Amino acid sequence: MKFYVDYFGCRTNQAEMQEWIVDLETSGYQLTHDSTEAGFGILNTCSVTERAEKDIFKFLNKVFVNSNTPWIIVGCTVSKEKNKLQERYKNYFFFDNTEKLHLVDFIKEKFPVEEDNIIYHSSYKSRIFLKIHDGCNFRCSYCIVPFLRGKARSLPAAEIIHKARYFGSLGYKEIVLTGVNLSSYGYDLFPRENLLNLVKQLCKIRSIDFIRLSTLDPRYLRYEFVKELSYTRKIAGSFHFSFQSGSNSVLQRMKRGSKVFEYHKILELFRDFFPGANLGTDLLIGFPGETDREFQETLEFFRDSSLNYAHVFPFSPREGTRAALMEQAPVNIVQKRVKELKEINRGKKIEYRERFLDKTLEGILTEEDPNYSLVVTTNYLSVRVPPVMGYKKKKVKVRIKRVVNENMCEGIIVKKR
Ligand code: SF4
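Everything numeric in this text was worked out from a predicted model, so none of it was measured.

Calculation criteria
- Residues numbered from 1 in each chain as written.
- Predicted model: local features only at pLDDT ≥ 70, side-chain atom pairs only at ≥ 80, totals over all residues.
- Heavy atoms only, no water.
- Salt bridge = Lys/Arg side-chain N within 4 Å of Asp/Glu carboxyl O.
- Helix = DSSP H or I, 4+ residues; strand = E, 2+ residues; numbered from the N terminus.
- Buried < 20%, exposed > 50% of the residue type's maximum accessible area, 1.4 Å probe, protein only.
- 1 Å grid on protein atoms, 1.4 Å probe; cavity = no way out; pocket = protein on both sides within 12 Å on 5 of 7 lines; lining within 4 Å.
- Points joined across faces, edges and corners; volume = space filled by probe spheres on them.
- Domains from an automatic or database assignment.

Peer 1: I tried to follow the pattern of salt bridges on my own but got confused; where do I start?
Peer 2: Opposite charge on two side chains makes pairing possible when the charged atoms of those side chains draw close. Overall, the coordinates contain 32 salt bridges when judged by the stated rule. The residue R293 makes a salt bridge to E297 at a minimum N-O spacing of 2.5 Å. Residue R293 and its partner E297 are located together in helix α11 (residues 292–304), separated by 4 residues, close to a single helical turn. Salt bridges sharing partners connect three or more residues here, namely E16, K100, K131, D134, R149 and R153.

Structure below.
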């Protein structure tokens with residue numbers, strides 16, 4: 001039985017999707033990239049912003065009209081709008097964030113395979129995203145996630161190591177640890193576990209070359225963590241923080257529980273222990289009540305800091321959050337501010353890539369194509385190289401020859417493994 005997948009939203013959604021694919025493939029189901037030949041489709045959804053939710057309904061309207069393939073709809077939009085979805089898409093199946101634990105069992109019952117002793121391995125992606133944490137106990141005033149994904153919960157380390165070993169045996173060389181609040185990993189477990197110990201244990205898995213961390217919450221970042229992390233041989237040199245703003249008064253209204261001087265200390269720490277690392281942050285612009293002065297504080301914080309990039313998001317109110325009840329900033333002002341920050345961001349990204357001209361970096365070959373191949377380096381640069389075949393997912397060394405734009409470099413492979 002062939003199946004098709006798609007997902008919207010965060011890395012945690014991507015990680016969930018990758019795991020369902022591996023579970024189904026090891027049970028005799030075959031992934032197809034052509035939805036017309038699929039016996040069923042799986043869609044992992046996102047409702048973090050109004051725009052994200054609109055995209056889900058747009059996608060479903062299209063597939064509902066154009067094909068008879070039964071779809072299984074999963075995740076945050078189901079947790080938020082199940083009734084509406086069930087009314088509109090009658091013969092589809094819906095699993096919210098609690099029910100999704102039973103997704104694979106449901107599929108095996110509803111869409112049984114004749115020969116379940118066949119194992120397919122499509123290598124959907126070349127780097128594997130591994131979800132180790134879900135839910136959140138914080139209540140940032142703009143965020144709907146805790147209401148959709150529930151309380152914080154971590155996967156026991158033994159289970160994570162078992163999964164990582166298995167992914168290593170499938171040929172994956174890079175694992176990206178993801179979660180709704182990765183930094184709080186293990187705090188809910190008894191006995192308590194933590195992210196640093198987990199990384200150290202994962203480093204012992206010989207088949208895995210790189211371990212990358214997804215977004216880090218500044219409230220958990222301490223000297224010991226950064227120092228010890230730098231001693232682990234396989235940690236990838238890119239770190240992304242959820243700073244959100246460079247203005248203390250905005251951070252206070254966001255209920256982030258952090259101050260800008262703490263961000264400077266964190267950046268100093270990472271610069272000390274990871275000098276060449278690619279450091280980035282999320283920045284939420286146009287938060288209710290954001291004044292020109294507050295925006296300027298964020299702009300100067302980002303511009304003058306050692307950050308190398310930012311994901312800049314315009315604020316969008318989410319029903320059910322405190323921030324949605326606050327007076328909203330005019331859309332045109334928000335758009336102008338986002339544009340200004342994105343311009344600075346573009347300059348920073350190019351400047352960071354130019355530092356590696358004629359330097360050799362390690363990475364994973366993620367795409368093979370007759371025209372070119374693509375490498376993602378340990379410090380998270382995308383590098384286009386002349387076409388090579390048979391090295392997908394493999395570790396390579398690449399020399400940077402040219403910065404094409406803020407998102408792409410060109411280079412040559414100097415070593416394959
Ligand atoms: S830490 Fe804040 S922004 Fe992040 S998921 Fe939790 S409530 Fe949302």
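Having seen the structure, we can now continue with the description.
Peer 1: I tried to follow unusual backbone geometry on my own but got confused; where do I start?
Peer 2: What you tend to see is this: most non-glycine residues have negative phi, and most peptide bonds are trans. At the junction of F190 and P191, the peptide bond is cis and its omega measures out at -5° in the coordinates. Tracing the sequence through the fold places P191 in the loop between β8 (174–179) and α7 (195–202). In the Ramachandran plot, Q244 falls in the positive-phi region, its phi being about 75° despite a non-glycine side chain. The topology assignment puts Q244 in strand β10 (residues 238–244). A relative accessible area of 10% means that Q244 is categorised as buried.

Peer 1: It is not clear to me how the layout of surface pockets should be interpreted in this structure. Could you clarify?
Peer 2: Space left empty within the atom packing is revealed by a probe, the size of a water molecule, rolled over the atoms. Estimated volume of the second largest pocket: approximately 680 Å³. Elements supplying a minimum of two residues to the lining of the second largest pocket: α1 (11–25), β6 (128–134), β7 (153–154) and α6 (157–169). The residues that make up the lining of the second largest pocket include at least three from each of domain 1 (2–110) and domain 2 (128–354).

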